[in-house]
Amino acid sequence: VKLFAYGIRDDEKNALTTWRNQHPEVELAYTDELVMPSTAALANGASAAVVYQQLPYTRETLAALAQNGVKSISLRNVGTDNIDFDAAREFGLQVSNVPVYSPNAIAEHSIIQMSRLLRQTKAMDAKVAKHDLRWAPTIGREVRMQTVGVIGTGHIGRVAIKILQGFGANVIAFDPYPNPELAQSGIYVDRLEELYAQADVISLYVPGVPANYHLIDAAAIAQMKPGVVLVNVSRGNLMDLDAIIAGLNSGQIGDFAMDVYEDEVGLFNEDWSDKPFPDPKIAALIKQENVLVTPHTAFYTTKAVYEMVTQSLDAALMFATGQTPAIAVEY
Ligand code: COI
């Protein structure tokens, strides 16, 4: 059996080697290059490809993979929003993702950022760095005093709820498909408008599918409590960033943490320290004391990377041997 993995980063190689040692019967080749028409031939001879990238998996790319004999692609991440599924269907490509590599990685990051905003750590750290060791006016708020609105109660949202309840927060949640077990605790509100009206803090855990495009827009923000704290660790396209900036400027939004950005491809996970920063909007947000920007790092933990690599390779091996992994994407 031959598998081919694209876009392998140095930090993934430990997990890859571990998996390879456990599967001596598998020929596993890889490249650090991303999958695109010009690199599709690298997978020639492998029936299953393992991939991760934020660039779109276009019709051209999928066609080129299929032409080279690839019959399945196994994503090392959860989001499938960058795949042309019509083309995948046309070329008979099976797809898997890793829906549960470590919900805690993302949930924890969201709560850490939320807590940092509530405690004004960015302002306090800046003062300390200048040797200004006074308390005032950098006073914090406690998580347990907040009503936190959780939008989306899949694997990640549910871990976030547990962590928040550990802090003693009053958690309310919205999901068009409520989790039956969670519903018993009476945590759900029926409409997003109710969550907007009640929540002091709002955090998103929903996929970036077209139905959720700009879920948080000017109209939604207007329904929120003045000074609301917003956290987005899910997908950039869930928020109309211009409306967020307007909300920050007016004070309607008090604090904001973003780990994702609609135009992050080519910007995040790049070093701009010695060259001009290409995005003035993000440059301005990074400077604001009530805004925390992280470059799509919520997922980035040792545990998550290990699971992403090994689970996607397991799935690819199953596809390559005529089986359907439990994490196959139905489309
Ligand atoms: C995902 O798993 O979909 C993510 O957002 C993390 C990815 C950028 C590695």
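On a predicted model such as this, the values are computed, not experimentally measured, just so you know. (Residues numbered from 1 in each chain as written. Predicted model: local features only at pLDDT ≥ 70, side-chain atom pairs only at ≥ 80, totals over all residues. Heavy atoms only, no water.)

Trainee: Can you explain the sheet that holds strand β10 (residues 253-258)? Please cite residues and give values.
Mentor: Judged by pairing direction, the sheet is parallel, and its 6 strands sit side by side in the order β7-β6-β8-β9-β10-β11 without closing on themselves. Lying at the two open borders of the sheet, with one neighbouring strand each, are β7 (170-174) and β11 (291-293). On average, each strand axis in the sheet is inclined to that of its neighbour by 15°, with strand direction left out of account. Pairing analysis gives 3 bridges linking β10 to β11, with the strands arranged parallel. Bridging from a neighbouring strand, A257 pairs with L292 of β11. Contacts between helix α4 (residues 103-118) and the sheet are confined to β6 (147-151), β8 (201-204), β9 (228-232), β10 and β11, with β9 contributing the most and set at about 150° to the helix. (Pairing = 2+ DSSP bridges. Helix = DSSP H or I, 4+ residues; strand = E, 2+ residues; numbered from the N terminus. Axes fitted to C-alpha atoms, helices over the stretch in contact; angles between N-to-C directions. Contact = heavy atoms within 4.5 Å.)

Trainee: Explain the site of the ligand residue by residue, including any values.
Mentor: Taken together, Y52, N77, V78, G79, Y101, R235, H296, F299 and M308 are the residues near the ligand. G79 has a polar backbone atom sitting 2.8 Å from an oxygen atom of the ligand. Within the side chain of Y101, an N or O atom sits 2.6 Å from an oxygen atom of the ligand. Look at the ligand: alone it shows 280 Å² of surface, and the protein chains cover 95% of it. For the shell around the ligand, a count of residues per class yields 5 nonpolar, 3 polar and 1 charged. (Near = heavy atom within 4 Å. Polar contact = N/O pair within 3.5 Å; in protein donor to acceptor, adjacent residues only side chain to side chain. Areas by Shrake-Rupley, 256 points an atom, 1.4 Å probe, with all protein chains shown as cover. Nonpolar A, V, L, I, M, F, W, Y, C, P; charged D, E, K, R; others polar.)

Trainee: Tell me what's going on with the domain arrangement of the protein, and back it up with residues and numbers.
Mentor: Its domain assignment divides the protein into domain 1 (2-101 + 302-320) and domain 2 (103-293). Taken over C-alpha atoms, the centre of domain 1 sits 31 Å from the centre of domain 2. Across the contact, 9 residues belong to domain 1 and 8 residues belong to domain 2. Approximately 690 Å² of surface area, both sides summed, lies buried where domain 1 meets domain 2, with 61% of it carried by carbon and sulfur atoms. Considering only the surface of domain 1 that becomes buried against domain 2, Q54, D81 and V100 emerge as the three largest contributors, covering 57% of it. Where domain 1 touches domain 2, the interface holds 1 salt bridge. With a closest N to O distance of 3.2 Å, D81 and R235 form a salt bridge. (Domains from an automatic or database assignment. Buried area = accessible area lost by both parts, 1.4 Å probe. Salt bridge = Lys/Arg side-chain N within 4 Å of Asp/Glu carboxyl O.)

Trainee: Tell me what's going on with the packing of aromatic side chains, and back it up with residues and numbers.
Mentor: Scanning all chains against the criterion turns up 5 aromatic pairs. With centroids separated by 4.7 Å and ring planes inclined at 45°, the aromatic side chains of F85 and Y331 adopt a geometry described as tilted. Of the two residues, F85 is situated in helix α3 (residues 85-90) and Y331 in the segment after α12 (302-320); the sequence distance between them amounts to 246 residues. (Phe/Tyr/Trp six-rings, centres within 6.5 Å; stacked < 30°, edge-to-face > 60°.)

Trainee: Mind laying out the pattern of salt bridges, listing which residues take part and the relevant values?
Mentor: Scanning all chains against the criterion turns up 15 salt bridges. Of the charged contacts, one joins K13 and D10 as a salt bridge, the two residues approaching to 2.9 Å between their closest N and O atoms. The residue R141 makes a salt bridge to D255 at a minimum N-O spacing of 3.1 Å. Taken together, the residues span a long stretch of sequence, with R141 in the loop between α5 (121-129) and β6 and D255 in strand β10 at a distance of 114 residues. Within this structure, R9, D11, E12 and R76 form a network of salt bridges that share partners.

Trainee: Tell me about a nonpolar patch on the surface, and please be specific about residues and values.
Mentor: On the surface, M36, L55 and V265 cluster together into a nonpolar patch covering about 210 Å² of accessible area. Topologically, V265 is positioned in the loop between β10 and α11 (280-287). For V265, a relative accessible area of 45% corresponds to the partly exposed category. (Patch = residues over 30% accessible without salt bridge, like charges linked within 9 Å, V, L, I, M, F, W, Y side chains within 5 Å. Buried < 20%, exposed > 50% of the residue type's maximum accessible area, 1.4 Å probe, protein only.)

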